[in-house]
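# Topology and contacts: notes
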Amino acid sequence: MRKVEDAIRRSGIVAAAIMALACGTASAQTPVKFTLDWKFEGPAAPFLVAADKGYYKAEGLDVTIDTAGGSLEPLNRIASGTYDIGFGDINSLIKFRDANPNVPIKAIFMVYNKPPFAIVGRKSRGVTNPKDLEGKKLGAPAPDGAFAQWKIFTQANGIDPSKVTIENVGFPVREPMLAAGQVDAITGFSFSSYINLKDRGVPADDISVILMADHGVNLYGNAIIVNPKFAAEKPEVVKKFLNAFLKGLKDTVKSPETAVDSVIKRNDVAKKPVELERLQMALRDNILTPEVKANGFGGVDMDRLNKSIEQIAITYDFKNPKPKGDAIFDPSFLPPAADRKL
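Residues numbered from 1 in each chain as written. Predicted model: local features only at pLDDT ≥ 70, side-chain atom pairs only at ≥ 80, totals over all residues. Heavy atoms only, no water.

### As for the nonpolar core
In this structure, Phe-109, Ile-224 and Phe-241 are the most contacted members of the largest nonpolar core, which totals 101 residues. Counting residues per element, this core draws most heavily on helix α10 (residues 235–254), which supplies 8 residues. In this structure, Phe-241 is in contact with Val-32, Phe-34, Tyr-56, Leu-61, Val-63, Ile-85 and Ile-224, ignoring residues within four places of it in sequence. (Core = buried A, V, L, I, M, F, W, Y, C linked by side-chain atoms within 4.5 Å. Buried < 20%, exposed > 50% of the residue type's maximum accessible area, 1.4 Å probe, protein only. Helix = DSSP H or I, 4+ residues; strand = E, 2+ residues; numbered from the N terminus. Contact = heavy atoms within 4.5 Å.)

Below, the structure is given as structure tokens:
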């Protein structure tokens, strides 16, 4: 009888030890709140792949990933401390920092080496080239990141803005209005507006995608950004997040067809062919640029970033002295250069 009791006692001790170990492992996971800039769509795949493949957990992180309603929302979320890390437009970040100098949020990993800002028009409505916009109606949501570059775009392409009718439209009705012929062109992210139009039945050969980056708008695009307090208190956590994300990004580049499944499982209305094409456009046009192929993922050319700040001054009146690139982008959290090579 005593042997049975001893065996039960020992098994209880073992079970308790296993439970304690499990609890210890769980408690060791550092929570990180992360915000995207938009919905669960194709281009979000690298962040989601890192979650689904356990890359964050392997770094000791418990990462929650939430969607957002546009490029400005992540900035407000990160600045307020509601979220620790996020994904947003570095050009909007530069202006946000100027308007809110006491909240020095920074970019720490450049994802869109080339921004997806675009004018998307219909050839059947006479929009193929930048100058074609004169005499036309442009649908542009006021808070749209692409529309924010309108003044740079018009100057670079000799467009008379007084000859373009701007209609402030909501994000949800932007593509439907173009599809219905209520406007001749819209501003937006290339991979979002083009794919959404095709999905609404507009023939691909009737859609013109005018990438602003190919027409004089020499800016960077979306980057991973961080709350300054979080970065100061938990620099190793920030580095671990970027390590995990980089693995997810490389997996996405290697197999977009597989990576997009991580998007589909989180978005009930998403269609795999649509989101795959959207992801492939982002990879081709915005992520895998010649600069990235030469230098690797994540970093920036400070001279190029400084010049982009000068160009932003065309559209934005800085209230404070114009910042230098190294005040906006902090490379100290990046994975080693060798790991960031394609």
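### Observations concerning the sheet that holds strand β1 (residues 30–35)
With respect to topology, 5 strands assemble into an open sheet ordered β2-β1-β3-β10-β4, the strand pairing being mixed. At either margin of the open sheet sits one strand with a lone partner, and together these are β2 (61–66) and β4 (106–110). Within this sheet the neighbouring strands show an average axis-to-axis angle of 30°, counted without direction. Where β4 meets strand β10 (residues 222–226), 4 bridges bridge the pair, whose relative direction is antiparallel. Residue pairing for β10: Lys-106 is matched across the bridge by Val-226. Where helix α2 (residues 45–52) meets the sheet, its contacts fall on β1, β2, β3 (85–89) and β10, and the angle it forms with β2 comes to roughly 145°. Strands β1, β2, β3 and β10 of the sheet are contacted by helix α4 (residues 73–80), whose axis makes an angle of about 15° with β10. (Pairing = 2+ DSSP bridges. Axes fitted to C-alpha atoms, helices over the stretch in contact; angles between N-to-C directions.)

### Regarding the packing of aromatic side chains
Per the stated rule, a full pass over the model turns up 13 aromatic pairs. Both rings, one in Phe-109 and one in Phe-245, keep their centres 5.3 Å apart while their planes meet at 90°; by these two values the pair is edge-to-face. With Phe-109 in strand β4 and Phe-245 in helix α10, this pair connects stretches of sequence that are 136 residues apart. Each member of the pair, Phe-109 as well as Phe-245, carries the same accessibility label: buried. In this structure an aromatic cluster arises from ring pairing among Phe-34, Phe-47, Tyr-56, Phe-87, Phe-109, Tyr-112, Phe-117, Phe-189, Phe-191, Phe-241 and Phe-245. Above the face of the Tyr-83 ring, Lys-33 is positioned so that its terminal group lies 4.3 Å from the ring centre. If you follow Arg-304 out to its NZ or CZ, it ends over the ring of Tyr-220, 3.7 Å from the centre. (Phe/Tyr/Trp six-rings, centres within 6.5 Å; stacked < 30°, edge-to-face > 60°. Lys NZ or Arg CZ within 6 Å of the ring centre and 35° of its normal.)

### Quick notes on the pattern of salt bridges
Summed over the entire model, instances satisfying the criterion amount to 22 salt bridges. Of the charged contacts, one joins Asp-251 and Lys-53 as a salt bridge, the two residues approaching to 3.1 Å between their closest N and O atoms. Taken together, the positions of Asp-251 in helix α10 and Lys-53 in the loop between α2 and α3 (55–58) put the pair 198 residues apart, joining distant regions of the chain. Between Lys-198 and Glu-277 there is a salt bridge; the shortest N-O distance is 2.9 Å. One end of the pair, Lys-198, is in helix α8 (residues 190–199); the other, Glu-277, is in helix α13 (residues 272–287), with 79 residues separating them in the sequence. (Salt bridge = Lys/Arg side-chain N within 4 Å of Asp/Glu carboxyl O.)

### Points about the sheet that holds strand β8 (residues 185–189)
If you trace the 5 strands from one edge of the open sheet to the other, you get β7-β6-β8-β5-β9, paired in mixed fashion. Two strands lie at the open edges of the sheet, namely β7 (165–167) and β9 (207–211), each paired on one side alone. Put simply, the sheet's adjacent strands are angled 30° from each other on average, direction ignored. Packing of α8 onto the sheet brings it into contact with β5 (117–122), β8 and β9, and relative to β8 it is tilted by some 125°.

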